[in-house]
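Working through the structure, step by step
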Amino acid sequence: MNYIVFEIGIAIGLIALAGLLSAKLRFSVIPFYILVGMAVGPHSFEIWHIDLRFIESQPLIEFLGRIGVLFLLFYLGLEFSVGRLIKSGKSIAVGGTIYILINFTLGLIFGWVAGFPLLELLIIAGITTISSSAIVAKVLVDLKRTANPETEMILGIIMFEDVFLAIYISIVSGLVLSGSSSFWGVATSALIALGFMLLVLVVGRKAVPLLNRLLNIRSNELFLLVIFAILFIVAGFSETIHVAEAIGALLVGLVLAETEHMKRIESKILPFRDFFGAIFFFSFGLTIDPTTLGGAVWLSIAAVVLTLIGNFAAGMWAGHSAGLSAKASVNIGFTIVARGEFSIIMANLAKAGGLLPIVQPFAALYVLILAVLGPLLTKETKGIYSLMSRVFRFKEKRVQPSKR
């Protein structure tokens, strides 16, 4: 019999327990949500009506998790504005290029040294290059770093990564799934993705007076319905043109941050962000089967070490190019070190193409380690910076925080 409501209730209960435990231990809540998801799932067991395998409800949990990503990125966009992002456009393009160049090159070298064939090598490089937008958004909000001067660079790198991802997935999916890839098809997809993002930002900014009038609604119910409609339509449409739906949500947040209703939107969206965001991290844990991870342990650990080195170097270089302090540059490198949903997409592509089976457990363990380690390192960047400054003797710059 289908007890899907009961299963969802159990899932929420487990998430709540994980949150309470993390609060007791004063750790970032994200690793606990992921680990409790890993502890259950298809490899688990069923007792009477309590089915910890979540077979019936997993598609629904996965969908609720997708909504969580939308709210996380939407809320993060609300903390900024299109104006702030445009002012930092040049430094963001430079920083994003630096980040992709370093991490993608290291990923290729790692795959080659590990002895992977060409197609697997390209998949491995994709897995190790792209950050998790959802985890980065959650960490920035939880640690109250959205007003930091380096956060604009972090946001920009996330958006830059999405343009790269649109191009890269087009190329790799053509090679892996069909054995060929059209140059013009790839170029068209990339231009459409970039054009869509620029269009939303430019038109959205011009439409602020109209949005102010549209959102001048007394009823909270109708106000939320209008906000949700805008969010889901833009995010959903972005996915149809091969731009990640999460980036569509971020763009909507950036535009609505320019309106006079921004504070009201933030206060109304906050409970949805927290609830659905928690479900996302739990659903991510459900996709990881701990019993399949053994054969990829050392490979994953080596990739994690290389990623930490690459992120530190990229953060320092990108921050320096933008005139940020060494401390802010360290924050950049370690805040975007977490890997997640995009890496899993690349691993699933390898599975669909019938590539070496080691790619799946490698991706799962690599993502798990960095999803757990990323928030912890971000929280401790002050201590990491102090340690690094003794070794590298950083020279600090005084940077004025950006104004809204």
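Here, every reference points to the structure presented above.
All values reported here derive from a predicted model rather than from experimental measurement.

Remarks on the overall build of the protein
- Each helix and strand counted, the protein has 18 helices and 2 strands in total.
- Rg of the C-alpha trace for the protein: 21 Å, near the compact-globule value of 22 Å for 404 residues, within the 12% margin.
- Expressed as a percentage of the 404 residues in the protein, the buried residues total 55%.
- Of the contacts made within the protein by residues no fewer than 6 positions apart, 83% connect residues no fewer than 24 positions apart.
- Working note: accessible area of the protein is about 18300 Å², and carbon and sulfur atoms make up 69% of it.
- For the protein, the distance from the average site of its 30 positive side-chain charges to the average site of its 23 negative ones is 14 Å.

What about helix α6 (residues 118-129)?
- The end-to-end C-alpha distance of α6 is 17 Å, a good match for the 16 Å that 12 residues give at a rise of 1.5 Å each.
- A large share of α6 lies buried, amounting to 10 of its 12 residues.
- Within α6, the full set of buried residues consists of Glu120, Leu121, Leu122, Ile123, Ile124, Ala125, Gly126, Ile127, Thr128 and Thr129.

A look at helix α15 (residues 326-335)
- With 9 of 10 residues buried, α15 is to be regarded as a mostly interior element.
- Among all positions in α15, only Ala326, Ala328, Ser329, Val330, Asn331, Ile332, Gly333, Phe334 and Thr335 are buried.

Some points on the packing of aromatic side chains
- Scanning all chains against the criterion turns up 14 aromatic pairs.
- Ring geometry for Phe228 and Phe272: centres 5.1 Å apart, planes at 85°, overall edge-to-face. With a gap of 44 residues between them, Phe228 in helix α11 (residues 220-240) and Phe272 in helix α13 (residues 262-286) connect regions that are remote in the sequence.
- Ring centres 4.9 Å apart and planes at 70° place the aromatic pair Phe280 and Phe281 in the edge-to-face group. Each member of the pair, Phe280 together with Phe281, is buried.
- Three or more aromatic residues joined by ring pairs form one cluster here, namely Phe71, Phe228, Phe232, Phe272, Phe275 and Phe276.
- A cation over an aromatic ring shows up here: Arg264 above the ring of Phe223, its NZ or CZ 3.9 Å from the ring centre.

Procedures and definitions
- Residues numbered from 1 in each chain as written.
- Predicted model: local features only at pLDDT ≥ 70, side-chain atom pairs only at ≥ 80, totals over all residues.
- Heavy atoms only, no water.
- Helix = DSSP H or I, 4+ residues; strand = E, 2+ residues; numbered from the N terminus.
- Rg over C-alpha atoms; globule rule 2.2 N^0.38 Å.
- Buried < 20%, exposed > 50% of the residue type's maximum accessible area, 1.4 Å probe, protein only.
- Contact = heavy atoms within 4.5 Å.
- Areas by Shrake-Rupley, 256 points an atom, 1.4 Å probe, with all protein chains shown as cover.
- Lys, Arg positive; Asp, Glu negative; His and termini not counted.
- Charge placed at Lys NZ, Arg CZ, Asp CG, Glu CD.
- Expected span 1.5 Å × (residues − 1).
- Phe/Tyr/Trp six-rings, centres within 6.5 Å; stacked < 30°, edge-to-face > 60°.
- Lys NZ or Arg CZ within 6 Å of the ring centre and 35° of its normal.

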